[in-house]
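# Fold and contact review
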Amino acid sequence: MADFNQYGHAQYGWVGINVRQAPDILHDGRTVSVVQVVPGTPASESGIQPGDTVMRIDAREIYRPTDVLDASFFSQVGSNMNVVVRRDEKLYNYNFAVIERPQNPASVSAPMAGSPTLVNHVAANPR
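Residues numbered from 1 in each chain as written. Predicted model: local features only at pLDDT ≥ 70, side-chain atom pairs only at ≥ 80, totals over all residues. Heavy atoms only, no water.

## Side note on the packing of aromatic side chains
- Tallied over the entire structure, the rule returns 1 aromatic pair.
- Ring centres of Tyr92 and Tyr94 lie 6.4 Å apart, and the angle between their planes is 10 degrees; this geometry places the pair in the stacked category.
- On the basis of relative accessible area, Tyr92 is assigned to the partly exposed category, the value being 28%.
- Sitting above the plane of the Tyr63 ring, Arg30 keeps its charged end 4.1 Å from the centroid. (Phe/Tyr/Trp six-rings, centres within 6.5 Å; stacked < 30°, edge-to-face > 60°. Buried < 20%, exposed > 50% of the residue type's maximum accessible area, 1.4 Å probe, protein only. Lys NZ or Arg CZ within 6 Å of the ring centre and 35° of its normal.)

This is the structure we're talking about:
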């Protein structure tokens, strides 16, 4: 309701990361892998990379793609999101702003030819 009162429409948060399910059988069963970081988005300026395994978003542990939806549900445009990823046996912590999702994020972040089906943009529902 706050978005409708202030902006006249719901604002959906977005950081510019596409993820997919990709089981990591060598570790702890985490299954969420970054497949694309959209250029010009907060995530692209953070250092997060395709191939990173998403471990945590804010305080929520990530094991499945649906965990990404749950974790990002309460993110609001203008707030910051903290994402912990694993890359090459090391943990990396990234903190970046949540921006308003573009009207057509598919045109901004079209999947690359031959890439797996994208499960979700790291995005948030309206407040």
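## Focus on the side chain of Thr31
- Note on placement: Thr31 falls in the loop between strand E1 (13-21) and strand E2 (32-37).
- Polar contacts involving the side chain of Thr31 include one to the main-chain carbonyl oxygen of Tyr63, which spans 2.5 Å.
- Contacts of Thr31, omitting those with residues within four sequence positions, involve Arg20, Gln21, Ala22, Pro23, Tyr63, Arg64 and Pro65. (Helix = DSSP H or I, 4+ residues; strand = E, 2+ residues; numbered from the N terminus. Polar contact = N/O pair within 3.5 Å; in protein donor to acceptor, adjacent residues only side chain to side chain. Contact = heavy atoms within 4.5 Å.)

## Comments concerning the confidence of the model for the protein
- Summary statistics for the protein give a mean pLDDT of 78 and a share of 76% for residues scoring 70 or more.
- Predicted confidence is poor over residues 110-127, with pLDDT under 50, and the contacts of this stretch with residues over four places away or in other chains come to 57 contacts. (pLDDT = per-residue confidence, 0-100.)

## Things to note about the environment of Val83
- Along the chain, the position of Val83 falls in strand E5 (residues 80-87).
- The exposure class assigned to Val83 is buried, which follows from its relative accessible area of 4%.
- Between the C-alpha atoms of Val83 and Asn95, which are 12 residues apart in sequence, the distance is 6.3 Å.
- Residues in contact with Val83, not counting those within four places in the same chain, are Ile48, Val54, Arg56, Ile57, Tyr92, Asn93, Tyr94 and Phe96.

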